[in-house]
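# Analysis of the macromolecular model
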Amino acid sequence: MNGNTSYIAQWMTQIRRGWLETCILNLLAGEDIHGYGLLLRLRHIPGLGISEGSLYPLLSRLRLQGLIVVRRLEESPDGPPRKVYGLTPRGRQVLALMNRHFDVMTRQHQLAQNWSAP
Amino acid sequence: MISWTPQALSLFERRCEERRNALWALGADPDEVFADWKALIDTHAADARASTVSADRVQTELEILLVDTPSALDPPATLPPAAPSTSAFRIWFGRSTTVMLWLLGVILPLGVILFEGLAGLCAEILFDPMPTWWHVLLITLVPIANAAALLTGSRAQTVDTAHPRLRWTGMANGLAIGISAFYALQFALVTPFAVLAIIYFGIGLIPLAPLFAFLCAVALRTRLRRARFLTDVPPPAAWWKTALPVFLLLLLLALPRLMVPVYTPQVNDTDPAVRARATTLLRTFGSRDLMLRRCYRPNVNMDFFSLLLSGSFRLGQTTSRTEAQTTYYRVTGTPYDAVPPPRLKGLRGQDLIDSDWLDPALGGERVSARIRNLTLAQSRLDGRVDTASGIAYLEWTLEFRNASKTQREARALIELPPGAVVSRVTLWINGEPCEAAFGGRSQTRRAYQQIAVRQRRDPVLVTTAGPDRVLLQCFPVPVDGAMKTRIGISVPLVVPDATQAEAALRLPIFVEQNFTAPADLHTTVWLESDQPAVGGAATPLQVSNSDPFSIRGKIPANAAGPAAFLRLPLAHPYPPIAARDSRLPDGLAILQTLDPPTAPPAFPETLAIVIDGSARMRDYRTHMTEHIFDLLPDDMRVCTFIARDETEVIEGKPPERLRFVGGCDNGPALARAAEWAVENGQAPILWLHAAQPLASLELEALRQLADFSRGTVVIHSHQYGPGANRIAEQLADLDIIRPLPVMGNDAADIIDHLQHKAAHWSRRQIASDERPAATAPGSTHIVRLWAADEIKRLSAPLRKTGHDDAVELARTFQLVTPVSGAVVLETAAQYQAHDLKPADPASTPGIVPEPATGLLLLLGTSLLLAWRRRTRT
């Protein structure tokens with residue numbers, strides 16, 4: 001790994017700070033989903049793949065922060081019942097703020113790219 | 001269902017524990033994440049059609065799972081405190097905690113429940129924590145739930161066995177938290193003392209049991225959560241969703257009991273409005289069982305919630321026994337001693353009421369509660385009726401037997417025939433009859449209390465208890481022994497209708513007693529009469545018409561039902577009678593005449609009716625309406641005062657639908673009726689009431705009115721059913737309460753009395769030579785009855801100097817009156833010590849005609865024959 005790759009990796013880690021949480025909350029904003037479903041959806045979004053070992057601690061943290069809640073247990077024909085997660089009202093409020101901030105940041109990014117002196 | 005091998009489970013837990021701190025630092029719940037991981041492994045096993053998760057599978061899965069944990073995540077802005085690291089100390093601590101949880105959360109509560117159930121210590125001293133079986137059930141659930149949580153929460157068990165139990169254990173744990181929190185709060189007042197007791201004396205765990213059980217239940221909640229995350233059991237409802245309802249349920253169940261100590265002081269408040277409100281509340285919601293228990297143990301149920309509800313944390317505030325007894329009567333309408341005492345057990349399981357309970361009324365002026373194993377063994381009424389003199393003399397012999405373990409005092413409230421007076425009292429000491437000494441009321445009571453209560457010797461005391469009533473007290477009735485006494489009663493015959501040649505005699509009866517008369521025990525009656533008698537409708541007496549006419553039979557010995565009575569012919573018009581007695585000054589005699597009413601019989605123009613609104617009057621509602629109120633003339637001006645918690649005043653006759661509830665103080669209603677009567681032409685007052693077992697709190701207004709109205713306030717009272725009349729006793733010195741002389745048919749007699757149909761005896765002192773020519777000689781009882789009248793006149797409330805003369809007169813003529821009493825003591829020294837002198841047996845009345853009376857009768861008969869012979873010629 002050359003110097004650029006290392007730098008990009010660190011920069012990506014910084015960018016991913018909070019981004020993964022926003023994506024999970026956005027997925028849950030549309031419907032209630034169980035943990036494995038979330039994992040599959042995230043893996044279908046390029047660049048957002050996350051390991052099972054990391055997803056569940058993240059879900060636990062979001063639940064303790066009061067942003068998501070276990071809505072119910074969904075019976076599985078083979079395995080154990082699955083926890084179905086959903087957004088709490090507070091989670092919806094936080095997600096709205098997050099999305100707004102990302103829109104602002106996108107515009108800021110475009111302004112910075114196409115800078116012309118006023 | 002996927003099962004895990006113990007090795008797999010062990011490996012999984014060990015590896016997870018290694019990540020605990022890292023997950024904790026990330027802000028995640030490690031136990032939750034472990035459970036999710038475990039579920040994931042189960043899912044993968046199911047996908048692979050495996051029924052068992054082995055250690056190898058776990059190893060493989062974890063290598064994938066834990067590869068980047070938690071590197072892909074960012075720590076939160078604020079880190080939670082790091083979880084304690086697993087160490088030898090932590091393992092030791094965990095095991096010690098488990099032992100403590102078993103000890104304090106299971107064994108201690110179970111032991112305390114068992115102890116309290118057997119001994120009832122807390123119920124006796126503070127409050128009853130288990131008043132119903134529902135409470136026992138709920139309390140027992142706490143150690144059971146704690147034990148279940150300990151067993152289920154253990155990591156040692158397999159997933160399969162834990163799975164079905166967790167849901168129910170979680171719910172039971174919530175219930176245990178609610179129940180133990182309730183009881184921990186209830187004991188909160190005792191908790192600091194219990195802690196100090198443990199520190200200084202090493203005892204005091206019992207009151208702390210609820211608190212320990214609560215703390216254990218809370219600690220076990222955490223364990224259950226951890227165990228739940230390791231399995232796939234759905235989470236139980238939040239702890240407060242089960243704890244709060246059961247807490248509120250217990251509070252609701254306790255509310256009737258909590259209200260009792262809160263509102264008892266208010267029922268005894270001086271403000272009538274406060275009294276009325278508190279009485280109504282307790283009547284509607286209060287626990288009657290607790291109110292009854294507090295009559296014997298006044299300060300039970302002093303717990304945290306009671307003090308909280310009363311808005312007062314004054315720990316020293318206590319309720320007196322009298323307040324508790326007053327409350328019970330006001331709320332229920334039944335005196336506390338008219339119902340069986342509650343079960344109160346001591347530490348050794350002994351019955352506190354039966355053996356250890358000291359008689360609080362010993363030597364006092366109240367009959368109070370019935371005492372177990374104190375019985376009436378014999379009751380005999382002998383007498384002689386002398387219609388020629390218009391009198392009767394009755395002797396009632398009573399024998400009490402005591403089968404209890406301690407000496408007892410027998411007490412009875414006796415209703416005398418109308419206008420009668422006790423003129424003889426005898427006590428058998430060592431088989432010998434001993435006559436009473438007559439003295440001042442307080443003098444005789446003082447002697448009785450000193451000899452009986454303090455020295456525990458053999459006296460008997462008779463004092464008046466309101467109009468036409470006496471209180472008989474005998475002490476001590478020895479253990480497994482008997483005590484025999486006799487009272488002699490001089491009785492004027494009643495002439496209910498002056499137009500009829502007929503007199504009536506009502507026999508004495510118990511109206512209240514602290515002993516039991518067996519159902520098969522009757523008072524054996526044997527009276528002799530100079531005229532043939534007719535038994536009353538409800539009187540089971542046989543009348544013999546052979547001369548001398550005798551009246552024999554048996555009447556109930558218990559305080560129940562109306563008194564038996566007889567009707568006898570009387571000379572009409574009745575001739576004047578003169579009577580002599582050696583105790584009268586020389587040359588003086590007593591002339592007795594029968595005076596008809598001063599005006600033709602008629603109803604008064606105005607009438608005040610006072611009706612006792614107490615529950616015990618309920619049975620007499622129809623009787624009063626149909627037989628009394630409906631018979632009153634329509635043009636009579638009537639005002640009705642119904643004694644309730646607050647007096648209800650109705651202009652006119654009482655309504656047909658009267659409501660009777662609780663036990664009401666009749667004093668305020670009487671006072672208002674008296675005020676109305678004075679303002680409306682000195683109208684008579686008719687007071688229809690049940691027993692008044694409590695003194696009235698508001699009689700001062702009535703007393704003042706009676707003092708200043710100079711004898712114009714007259715209350716004609718009629719009591720339905722047995723029992724004491726404390727209000728009449730309170731007003732005895734004013735002589736304004738006049739019990740109606742009813743004979744069997746209450747209603748007809750009351751109506752007749754209101755129309756002034758009765759004739760009245762008049763007795764006055766004359767010089768022997770002033771005696772009218774046709775005067776017949778009469779019984780010495782006429783002189784005793786005159787003395788009783790004279791004593792009443794001398795001791796009238798507005799006379800300030802007559803009291804001593806009245807006492808002296810009572811002593812001379814050996815009478816029990818409002819100013820005097822009779823006491824039998826055991827030795828001459830005891831009499832001397834109290835400045836009393838026993839009556840000379842020769843001067844006491846008897847059933848056989850007294851020598852003086854016999855001579856007078858002989859003389860009278862001779863005079864009458866001589867007079868008839870002379871008129872014929």
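Because the structure is a prediction, the values reported are computed rather than measured.

Here the focus is the overall build of chain B. Per the secondary structure count, chain B includes 25 helices and 29 strands. Taking contacts inside chain B between residues at least 6 apart in sequence as the whole, the part at least 24 apart equals 79%.

Counting its regular elements, chain A contains five helices and three strands. Of all 118 residues assigned to chain A, the portion counted as buried reaches 25%. Restricting the contact set of chain A to residue pairs at least 6 apart, pairs at least 24 apart contribute 48%.

Residue and element names in this part refer to chain B. Along strand 18 (residues 565-569), four of the five residues are buried, which leaves the element largely enclosed by surrounding structure. As judged from the five bridges shared by strand 12 (residues 502-506) and strand 18, these two strands associate in the antiparallel manner. What sits directly across from Arg506, in strand 18, is Phe565.

Turning to the nonpolar core, a few remarks are in order. Residues and elements named next belong to chain B. Of all hydrophobic cores here, the largest spans 147 residues; its most connected members are Ala608, Val610 and Val823. Sorting elements by how many residues they give to this core places helix 22 (residues 780-794) first, with eight residues. Taken domain by domain, the makeup of this core includes at least three residues from each of domain 4 (358-573 + 784-790 + 798-807 + 816-873) and domain 5 (606-755). Counting residues in hydrophobic clusters, the runner-up holds 59 residues, among them Val142, Leu258, Val267 and Leu282.

All names here are of chain A. Taken in spatial order, the three strands of this open sheet run 1-3-2, and their pairing is antiparallel. With partners counted over all chains shown, the strands left at the sheet margins are strand 1 (33-34) and strand 2 (68-74), one partner each. By the bridge criterion, two bridges tie strand 1 to strand 3 (residues 82-87) in an arrangement that is antiparallel. Note that in strand 3 the partner of Ile33 across the bridge is Tyr85. Its contacts with the sheet put helix 2 (residues 19-30) on strand 1, strand 2 and strand 3, and the angle it makes with strand 3 is roughly 95°.

Right, let's talk about helix 11 (residues 272-285) of chain B for a bit. Residues that lie three or four places apart on an α-helix share one face, since the helix turns once every 3.6 residues. Residues and elements named next belong to chain B. Its 14 residues place the ends of helix 11 20 Å apart at the C-alpha level, agreeing with the 20 Å of an ideal helix rising 1.5 Å per residue. Turning to helix 11, its buried residues number three or more, namely Ala278, Thr279 and Leu282. Summarising the axial view, the buried residues of helix 11 lie within an arc of 100°, below the 170-degree limit, and thus occupy one face. Across from the buried face of helix 11, at angles greater than 90 degrees, the exposed residues are Ala273 and Thr284. Here the buried face of helix 11 lies against helix 10 (239-267) and helix 14 (321-332).

Let us look at the environment of Arg370 of chain B. Assignment of secondary structure puts Arg370 of chain B in the loop between helix 15 (352-356) and strand 3 (374-386). With 11 residues separating them in the primary sequence, Arg370 of chain B and Asp359 of chain B have C-alpha atoms 9.7 Å apart.

So, on to the sheet that holds strand 27 (residues 760-767) of chain B. In a beta sheet, neighbouring strands pair by backbone hydrogen bonds and run either parallel or antiparallel. All names here are of chain B. Strands sit in the order 27-20-19-28 across an open sheet of four strands; the sheet is mixed. In this open sheet, the two edge strands, each paired with only one partner strand, are strand 27 and strand 28 (776-777). Bridge count for strand 19 (residues 577-579) against strand 28 is two bridges, and the pairing is parallel. Paired with Ile577 across the bridge in strand 28 is Ala776.

Describing two packed helices takes the angle between their axes plus the distance from one axis to the other. Residue and element names in this part refer to chain B. Contact pair helix 18 (residues 667-679) / helix 19 (residues 700-708): the axes reach a minimum separation of 8 Å and the direction vectors enclose 30°. Relative to helix 19, helix 18 is oriented roughly parallel. In this structure, helix 18 meets helix 19 at a crossing whose hand is left-handed. Counted together, Gly667, Leu670, Ala671, Ala674, Glu675 and Val678 of helix 18 and Ala701, Leu702 and Leu705 of helix 19 form the full contact between these two elements.

Turning next to unusual backbone geometry. Residue and element names in this part refer to chain B. Look at the link from Phe475 to Pro476: it is a cis peptide, with omega at -10°. Within the secondary structure, Pro476 is located in strand 10 (residues 469-477). Residue Pro573 follows His572 across a cis peptide bond; omega there is 0°. The topology assignment puts Pro573 in the loop between strand 18 and strand 19. The phi dihedral of Arg49 falls on the positive side, at around 60°, and the residue is not glycine. Residue classification places Arg49 among the exposed residues on the basis of 7 C-beta atoms within 10 Å.

Moving on, we get to the pairing of strand 17 (residues 549-556) of chain B. Two faces make up the sheet, and in a regular strand the side chains alternate between them. Residue and element names in this part refer to chain B. Sheet topology places strand 14 (residues 522-529) next to strand 17; eight bridges connect them, and they run antiparallel. Looking across to strand 17, one finds that Glu528 is bridged to Ser550. Strand direction decides the pairing type here: strand 16 (residues 541-544) and strand 17, joined by four bridges, are antiparallel. If you follow Ser544 over to strand 17, its bridge partner there is Ser550.

Residue and element names in this part refer to chain B. Checked against the element boundaries, Tyr574 lands in the loop between strand 18 and strand 19. Under the C-beta neighbour-count criterion, Tyr574 is labelled buried, with 21 such atoms within 10 Å. With 21 residues separating them in the primary sequence, Tyr574 and Asp595 have C-alpha atoms 9.1 Å apart.

To continue, consider the confidence of the model for chain B. Residues and elements named next belong to chain B. Residue-level pLDDT values for chain B average 82, and 84% of them are 70 or greater. Below a pLDDT of 50 lies the segment residues 71-86, which in the model reaches 25 contacts outside its immediate sequence neighbourhood of four places, other chains included. This stretch, residues 346-350, has a pLDDT under 50; its non-local contacts, to residues over four places away or in other chains, come to nine contacts. Interface scoring of the predicted complex returns ipTM 0.82; its pTM is 0.68.

Turning next to helix 2 of chain A. Residues and elements named next belong to chain A. Here helix 2 contains 12 residues, and its C-alpha end-to-end distance of 17 Å stays within 8% of the 16 Å for a straight helix at 1.5 Å per residue. Of the residues making up helix 2, those classed as buried are Glu21, Ile24, Leu25 and Leu28. End-on view of helix 2: buried residues confined to an arc of 95°, all on one side of the axis. Taken together, the buried residues of helix 2 touch strand 1, helix 3 (35-44), helix 4 (52-64), strand 2, strand 3 and helix 5 (89-113).

Right, let's talk about the environment of Arg297 of chain B for a bit. All names here are of chain B. Among the structural elements, Arg297 can be located in the loop between helix 12 (288-296) and helix 13 (304-310). Judged by local crowding, Arg297 falls into the partly exposed class, with 18 C-beta atoms found within 10 Å. Remark: the alpha-carbon pair of Arg297 and Thr319, spanning 22 residues in sequence, is separated by 9.5 Å.

Residue and element names in this part refer to chain B. Put simply, helix 2 (residues 30-47) and helix 3 (residues 55-65) touch, their axes get as near as 11 Å, and they point 120° apart. By the criterion of interaxial angle, the relationship of helix 2 to helix 3 is oblique. When you trace helix 2 past helix 3, the crossing you get is right-handed. Between helix 2 and helix 3, the residues in contact are Trp37, Ile41, His44 and Ala45 and Arg57, Val58, Glu61 and Leu65, respectively. Partitioned by chemical class, the residues of the contact of helix 2 with helix 3 number five nonpolar, one polar and two charged.

What counts and what doesn't
- Residues numbered from 1 in each chain as written.
- Chains lettered and ligands numbered in written order.
- Predicted model: local features only at pLDDT ≥ 70, side-chain atom pairs only at ≥ 80, totals over all residues.
- Helix = DSSP H or I, 4+ residues; strand = E, 2+ residues; numbered from the N terminus.
- Contact = placed C-beta atoms within 7 Å.
- Buried ≥ 20, exposed ≤ 12 C-beta atoms within 10 Å, placed from the backbone.
- Pairing = 2+ DSSP bridges.
- Core = buried A, V, L, I, M, F, W, Y, C linked by C-beta atoms within 7 Å.
- Domains from an automatic or database assignment.
- Axes fitted to C-alpha atoms, helices over the stretch in contact; angles between N-to-C directions.
- Expected span 1.5 Å × (residues − 1).
- Arc of directions from axis to C-beta.
- Parallel < 35°, antiparallel > 145°, perpendicular 65-115°, else oblique.
- Left-handed = near helix turned anticlockwise from the far one by under 90°.
- pLDDT = per-residue confidence, 0-100.
- Nonpolar A, V, L, I, M, F, W, Y, C, P; charged D, E, K, R; others polar.

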